[in-house]
Amino acid sequence: MRVLGVDPGLTRCGVGVVEGVPGRPLTMIGVGVVRTPADAELGLRLVAIEQGIEQWLDEHRPEFVAVERVFSQHNVRTVMGTAQASAVAMLCAARRGIPVALHTPSEVKAAVTGSGRADKAQVGAMVTRLLRLDAPPKPADAADALALAICHIWRAPAQTRLQQAVAQNRLQQAVALHKAQATRATAPTTASVPTTAPASKGRLA
């Protein structure tokens, strides 16, 4: 499985490609950052991010794209920029028919370090260890992108089994409902026969 991880951001959009399967050593294929100038017009920055991600998709041909799920922060401006960059990454993948998975920061941290509250230094250290690198990737956005790819490789089989189980359960419920409706539709109706109470005899005067 080859996964492109994307740590979305307007100024620095981390990208990293990891290949492997759960239970076996993983391999880093590439890592980097797509940068845009902070003083540039927003539309041009988004175009630059799109072009950068397209280049990574062309060069590495990932089977999946894992993007960090945007979550609420106090800095609304930062959230908006992250969400816009995230949307660009999803658009690039969808245009090529590549499945996209969203993972929260806590999910990624827990998958890579065992703790959903790990800091960036801990994530970088574990990424370095898991991918057998000489040093943590710089900047942290690049390490986070690799962590996203690792998280997806490890979580994808479990997510697939869960989705299949949910789909199977829904199918069984739909079949059961259809059978119940068909049974009610074909069941013979029993006509009710009104009962007439015998007339009471009046008293003789």
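Here, the structure is the one placed above.
Since we're looking at a predicted model, the values are computed, not measured.

Chemist: Explanation requested: unusual backbone geometry in the structure shown.
Modeler: Peptide bonds are, in most cases, trans, and in most cases residues other than glycine have a negative phi. With an omega of -5°, the peptide bond between K138 and P139 qualifies as cis. Note on placement: P139 falls in the loop between α4 (120–130) and α5 (140–186). Not every positive phi belongs to a glycine, and R61 is a case in point at roughly 50°. Within the secondary structure, R61 sits in the loop between α1 (42–60) and β4 (64–68). Positive phi outside glycine occurs at R132, with the angle close to 55°. Here R132 lies in the loop between α4 and α5.

Chemist: I would appreciate a short explanation of the sheet that holds strand β2 (residues 12–19) in the present structure.
Modeler: Either a parallel or an antiparallel arrangement is found when strands of a sheet pair, and the pairing is made through backbone hydrogen bonds. As summarised here, the arrangement of the five strands in space is β3-β2-β1-β4-β5, forming an open sheet in which the pairing is mixed. With one partner strand each, in any of the chains shown, β3 (27–35) and β5 (100–103) form the two edges of the open sheet. The mean inter-strand angle of the sheet, taken between neighbouring strand axes irrespective of direction, is 20°. Pairing analysis gives four bridges linking strand β1 (residues 2–7) to β4, with the strands arranged parallel. Looking across to β4, one finds that L4 is bridged to V65. Helix-sheet contacts for α1 involve β1, β2, β3 and β4, and the interaxial angle to β3 is about 160°.

About the criteria used
- Residues numbered from 1 in each chain as written.
- Predicted model: local features only at pLDDT ≥ 70, side-chain atom pairs only at ≥ 80, totals over all residues.
- Heavy atoms only, no water.
- Helix = DSSP H or I, 4+ residues; strand = E, 2+ residues; numbered from the N terminus.
- Pairing = 2+ DSSP bridges.
- Axes fitted to C-alpha atoms, helices over the stretch in contact; angles between N-to-C directions.
- Contact = heavy atoms within 4.5 Å.

By themselves, these figures tell us nothing about what the structure is for.
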